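Commentary on secondary and tertiary structure
Residue strings, one per chain:
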Amino acid sequence: MPDDALIHEPHGGMPRLLEIMRRLRDPQTGCPWDIEQTFASIAPYTIEEAYEVADAINRQAWDELKGELGDLLFQSVFHAQMAAEAGLFTFDEVADTMSDKMVARHPHVFGAESRDKSAEQQTRDWEAIKAAERAAKAQTGVLDGVAPGLPALLRAHKLQKRAARVGFDWPHTAHVLDKIVEEARELEEARDELGPDQIEEEMGDLLFVMANLARHLGVEPEAALRRANAKFTRRFARIEALLAEDGKTPEQSDLAEMDALWDRAKAEDKARHSS
């Protein structure tokens, strides 16, 4: 099929998308913006699209999820096209790498191992296989392979999870709660007696321990914070709506009034989500 016919074929699937990406990056006839992009310039969009997928799932916006997954897929296609142009690898090699990884990590599905094992045992086997893969890459440290580019809260969670596997962990949640109290006091002391750099350091320590508490409680801290952000956004929007009924904006209100409206919005929100 000629390239133009493929580009305009509504059911062209993956070949169509790959050809569109190739044409967008064509130095002679492509889009100037797409041609200018690099791995580094596209990376923030890749992260953003991943979060938009997570947001659609969190909101159960299934009608939006298809488009968000397409946006995320396009990011992979974009990076693969730039890699192909640089002679690094192709999209097919990206797909083959993932296929090889999944087959190797699921010997109980694609190999001779028995499927008669618990989810907990499968998790231990998965971690052992990943540890062997890291060793093959000379990543011998316990924390090796936890990507520095991850969102800080997510990376803290993963670092602590890795450390816990070798026994570097508090045995009980109560110990983590005690540490949170200790770090909060140190932050208070830094606020009163030290400079901005020390305050930032103590704030980081407190957030790091909070991430550890989430792990001990079986909570994904990124998911928990996204949920809190959504709740705050929803309730503050209600404050704005209530003020607007009186012909006012938040700038024309004060803390006491908005705090009272917050309590109302909170009560309404709880009632709505408990029904």
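Predicted, not measured: the structure shown is a model, and the values here were computed from it.

Attention shifts here to the UniProt feature "domain: NTP pyrophosphohydrolase MazG-like" (unreviewed entry) in the protein chain. Those residues carrying the UniProt feature "domain: NTP pyrophosphohydrolase MazG-like" (unreviewed entry) are residues 37–110 and 177–235 in this numbering. Secondary structure across residues 37–110 divides into 85% helix and 0% strand, with the first and last C-alpha atoms of the span separated by 39 Å. Structurally, residues 177–235 comprises 90% helix and 0% strand, and the distance from its first C-alpha atom to its last is 29 Å.

With that settled, the discussion passes to the domain arrangement of the protein chain. Taken as a whole, the protein chain is organised into domain 1 (2–104), domain 2 (141–219) and domain 3 (223–274). For domain 1 and domain 2, the distance between their C-alpha centres works out to 35 Å.

This next bit is on the packing of helix α9 (residues 152–165) against helix α11 (residues 196–216). Following both chains from N to C, one finds α9 and α11 inclined at 60°, their axes separated by 9 Å at the closest point. As α9 packs across α11, the resulting crossing turns out to be right-handed. Contact residues: α9 offers L153, A156, H157, Q160, K161 and A164, while α11 offers F208, A211, N212 and R215. When the residues that make up the contact of α9 with α11 are grouped by side-chain class, the tally is five nonpolar, three polar and two charged.

A few words on a nonpolar patch on the surface. A cluster of nonpolar side chains, namely F39, L88, F89 and V94, defines an oily patch on the protein surface of about 340 Å² accessible area. Within the element layout of this structure, V94 appears in helix α6 (residues 91–105).

Going through the model one piece at a time under the given rule, you end up with 16 salt bridges. Residues R191 and D192 are paired through a salt bridge, measuring 2.8 Å at the closest nitrogen-oxygen approach.

Compared with an ideal rise of 1.5 Å per residue, which puts 21 residues at 30 Å, helix α10 (residues 173–193) spans 30 Å between its outermost C-alpha atoms and is within 8% of the ideal. Next to the buried residues of α10 lie α11.

Glancing now at unusual backbone geometry. For Q60, which is not glycine, the phi dihedral falls at a positive 55°. Following the sequence through the fold, Q60 ends up in the loop between α4 (39–58) and α5 (62–85).

Put simply, helix α2 (residues 13–24) and α5 touch, their axes get as near as 10 Å, and they point 55° apart. Taken as axis vectors, α2 and α5 run oblique relative to one another. Seen along the crossing, α2 lies across α5 with a hand that is right-handed. In contact with M14, L17, L18, M21, R22 and L24 of α2, α5 contributes L73, F74, V77, F78 and Q81. Class assignment of the residues belonging to the contact of α2 with α5 gives a composition of nine nonpolar, one polar and one charged.

Conventions and cut-offs
- Residues numbered from 1 in each chain as written.
- Predicted model: local features only at pLDDT ≥ 70, side-chain atom pairs only at ≥ 80, totals over all residues.
- Heavy atoms only, no water.
- UniProt positions renumbered as here; feature names shortened; annotations may be inferred.
- Helix = DSSP H or I, 4+ residues; strand = E, 2+ residues; numbered from the N terminus.
- Domains from an automatic or database assignment.
- Axes fitted to C-alpha atoms, helices over the stretch in contact; angles between N-to-C directions.
- Left-handed = near helix turned anticlockwise from the far one by under 90°.
- Contact = heavy atoms within 4.5 Å.
- Nonpolar A, V, L, I, M, F, W, Y, C, P; charged D, E, K, R; others polar.
- Patch = residues over 30% accessible without salt bridge, like charges linked within 9 Å, V, L, I, M, F, W, Y side chains within 5 Å.
- Areas by Shrake-Rupley, 256 points an atom, 1.4 Å probe, with all protein chains shown as cover.
- Salt bridge = Lys/Arg side-chain N within 4 Å of Asp/Glu carboxyl O.
- Expected span 1.5 Å × (residues − 1).
- Parallel < 35°, antiparallel > 145°, perpendicular 65-115°, else oblique.

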